[in-house]
Amino acid sequence: MSTHTIDTAMARRLVEASAIMGASIIGLPGGWSVMLKLGMTEKPLGVQRTDKPRTWSSLDTCMNYLKNELHIVRVDLLDASNYSAGDVTKSARADSSERMKRAHEAAAYDKWFRAQVQDAIDDPRPSLPGHQVSADFAVRRKALKQAADK
């Protein structure tokens, strides 16, 4: 069980029980964190299944999370003294660009392939039964084999 932070599920239960006395938004290098007041103590809102404080890169998304997920609409303190836009905890992955490029190519191919299948389904020309196609190609193979033997 987490001892230093409060996860979202626990925070919801505490809000429903009116145990949270207030919330503060604290600026950190690269984002914003939330401190929840429980009586005389304050604990950070944490990431689920870990004991790390949750951070948001945008103040708007942090506030929307408090309002929509936890139903906390009043913030007691907004401390931006340690906030900086650059994120010191995250590093850009070198392969992100290539991974996204492959994902876009796959999505484009999937779209093209589905369009081809739909065009084939919508084709007004009559389709041939499989046994007729096999018979036609058997005749062609026989003719090609005879031509090759000459």
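Preceding this section is the structure that the text describes.
Notes on the structure follow. As the structure is a prediction and not an experimental result, all values here were calculated from the model. (Residues numbered from 1 in each chain as written. Predicted model: local features only at pLDDT ≥ 70, side-chain atom pairs only at ≥ 80, totals over all residues. Heavy atoms only, no water.)

1. Section: the overall build of the chain
Piece 1. A count of helical and extended segments in the chain gives four helices and five strands.
Piece 2. Each helix and strand of the chain, placed in order from N terminus to C terminus, yields the pattern α-β-β-β-β-α-β-α-α.
Piece 3. Once the C-alpha set of the chain is aligned to its principal axes, its extents read approximately 100 × 35 × 30 Å.
Piece 4. Taking all 150 residues of the chain together, 19% fall into the buried category.
Piece 5. The long-range fraction of contacts in the chain, counting pairs at least 24 apart against all pairs at least 6 apart in sequence, stands at 59%.
Piece 6. Summed over all atoms, the accessible surface of the chain reaches about 11,500 Å², with 57% contributed by carbon and sulfur.
Piece 7. The chain carries 22 positive and 18 negative side-chain charges, and their two centres are separated by 6 Å. (Helix = DSSP H or I, 4+ residues; strand = E, 2+ residues; numbered from the N terminus. Buried < 20%, exposed > 50% of the residue type's maximum accessible area, 1.4 Å probe, protein only. Contact = heavy atoms within 4.5 Å. Areas by Shrake-Rupley, 256 points an atom, 1.4 Å probe, with all protein chains shown as cover. Lys, Arg positive; Asp, Glu negative; His and termini not counted. Charge placed at Lys NZ, Arg CZ, Asp CG, Glu CD.)

2. Digging into the nonpolar core
Most often, soluble globular proteins keep nonpolar side chains buried together rather than apart.
Piece 1. Membership of the largest hydrophobic core comes to 16 residues, with the highest contact counts inside it found for Val34, Leu36, Leu45 and Leu70.
Piece 2. Breaking this core down by element, the ones donating at least two residues are helix 1 (8-16), strand 1 (22-28), strand 2 (31-38) and helix 2 (59-68).
Piece 3. Beyond its immediate sequence surroundings of up to four residues, Leu36 is in contact with Ile6, Ala11, Ile20, Gly22, Ala23, Thr41, Glu42, Lys43, Leu45 and Ile72. (Core = buried A, V, L, I, M, F, W, Y, C linked by side-chain atoms within 4.5 Å.)

3. Quick notes on unusual backbone geometry
Piece 1. At Ser18, a position not held by glycine, the phi torsion is positive, near 60°.
Piece 2. You can see Ser18 is positioned in the loop between helix 1 and strand 1.
Piece 3. Taking relative accessible area as the criterion, Ser18 reaches 56% and is therefore assigned exposed.
Piece 4. For His71, which is not a glycine, the phi torsion comes out positive at approximately 60°.

4. Concerning helix 1
Piece 1. Of the residues making up helix 1, those classed as buried are Thr8, Ala11 and Leu14. Considered in projection along helix 1, the buried side chains sweep an arc of 120° and stay on one side of the axis.
Piece 2. Just downstream of helix 1, Ser18 is the residue with a positive phi angle, here 60°. (Arc of directions from axis to C-beta.)

5. Focus: the side chain of Ser24
Piece 1. Its place among the elements puts Ser24 in strand 1.
Piece 2. According to the relative accessible area criterion, Ser24 is buried, its value standing at 1%.

6. Section: the packing of aromatic side chains
Piece 1. Counting across every chain of the model gives three aromatic pairs.
Piece 2. For the ring pair Trp56 and Tyr65, a centre distance of 5.1 Å and an interplane angle of 45° mean the geometry is tilted. Residues Trp56 and Tyr65 agree in their burial class; the two are buried.
Piece 3. Measuring from centroid to centroid gives 5.6 Å for Tyr109 and Trp112, while their planes differ by 40°, and the two rings are tilted. Of the two residues, Tyr109 and Trp112 both sit in helix 3 (residues 96-122), three residues apart, roughly one turn of that helix.
Piece 4. Pairwise contacts between aromatic rings join Tyr109, Trp112 and Phe113 into one cluster. (Phe/Tyr/Trp six-rings, centres within 6.5 Å; stacked < 30°, edge-to-face > 60°.)

7. Points about a nonpolar patch on the surface
Piece 1. Residues Tyr109, Trp112, Phe113, Val117 and Ile121 make up a contiguous nonpolar surface patch of about 540 Å² in total accessible area.
Piece 2. Note that Val117 resides in helix 3.
Piece 3. Owing to a relative accessible area of 36%, Val117 belongs among the partly exposed residues under this scheme. (Patch = residues over 30% accessible without salt bridge, like charges linked within 9 Å, V, L, I, M, F, W, Y side chains within 5 Å. Salt bridge = Lys/Arg side-chain N within 4 Å of Asp/Glu carboxyl O.)

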